[in-house]
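Structural overview
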Amino acid sequence: MEEKIKIIFEDENFLVVDKPTGMTTTKEKKGEAGTLEDYLRKIKPNNLPRNGIMHRLDKGTSGLVLVAKTDLAFKNFKNQFKNRSLTKKYYCVVGGEAVIDGSINWPIGRSKYG
């Protein structure tokens, strides 16, 4: 993975990176290479599960990914996700002309189509 990932924010406890479209977030398949997890192991290695990546984005989705750098931050974020006290927002950008203006406010779930 030669592409440089943009770090949006970083402090001593965590960082936020901008994952590009086409990159898998974490190693889901044995032998898979070129993931965000691989890239982070090179530039910001740690001993946390998935090198501290707290959530995934689909391969075809770009966006911000939260990455813990310390065990304390990892446990704290994990609890926040579990208790739903940390909120994730997804925005969709489409091309063309929309016939109406508005928003869709529904939970996102796994597609039954894979």
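Right above here is the structure, for reference.
Structure report, in brief. These figures come from a predicted structure and were not determined experimentally. (Residues numbered from 1 in each chain as written. Predicted model: local features only at pLDDT ≥ 70, side-chain atom pairs only at ≥ 80, totals over all residues. Heavy atoms only, no water.)

**Quick notes on the nonpolar core**
Soluble globular proteins tend to bury their nonpolar side chains together. Rules: Only buried residues count toward a nonpolar core, which is a set of Ala, Val, Leu, Ile, Met, Phe, Trp, Tyr and Cys residues joined through side-chain atoms within 4.5 Å. The rule is simple: take the accessible area with a 1.4 Å probe, protein chains only, and divide by the maximum for that residue type; under 20% is buried, over 50% is exposed, in between is partly exposed. Going along the chain from the N terminus, every DSSP run of H or I of four or more residues is numbered as a helix, and every run of E of two or more is numbered as a strand. Any two residues whose heavy atoms approach within 4.5 Å are treated as being in contact.
The biggest cluster of nonpolar side chains holds eleven residues, and these are Ile5, Leu15, Val17, Met23, Leu36, Tyr39, Leu40, Ile53, Leu57, Val65 and Val67. Secondary structure elements with two or more residues in this core: strand S2 (14–19), helix H1 (36–43) and strand S3 (63–68). Element by element, the count of residues in this core is highest for H1, at three residues. Setting aside residues no more than four positions away along its own chain, Ile5 makes contact with Val17, Asp18, Pro20, Met23, Leu36 and Tyr39. Counting residues in hydrophobic clusters, the runner-up holds nine residues, among them Met54, Ala68, Ala73 and Phe77.

**Observations regarding the environment of Lys19**
Put simply, the rule is: Pairing of N or O atoms within 3.5 Å defines a polar contact, subject to two protein rules: one partner must be a possible hydrogen donor and the other a possible acceptor, and residues neighboring in sequence count only if both atoms are side-chain atoms.
By the secondary structure assignment, Lys19 is in strand S2. Sequence separation of Lys19 and Glu32 is 13 residues, and the distance between their C-alpha atoms is 17 Å. Those residues in contact with Lys19 that lie beyond four places of it in its chain are Thr25, Leu36, Leu57, Asp58, Lys59, Thr61, Ser62, Gly63 and Val65. Engagement of the side chain of Lys19 in a polar contact is seen with the backbone oxygen of Met23, the distance being 2.8 Å. Of note is the side chain of Lys19, whose polar atom sits 3.5 Å from the backbone oxygen of Lys59.

**Comments concerning the side chain of His55**
Here His55 shows up in the loop between H1 and S3. There is a polar contact of 3.1 Å between the side chain of His55 and the backbone nitrogen of Leu66. If near-sequence neighbours (up to four positions away) are discounted, His55 is found in contact with Thr25, Leu64, Val65, Leu66, Phe81 and Lys88.

Shape is all these values report; function is a separate question.
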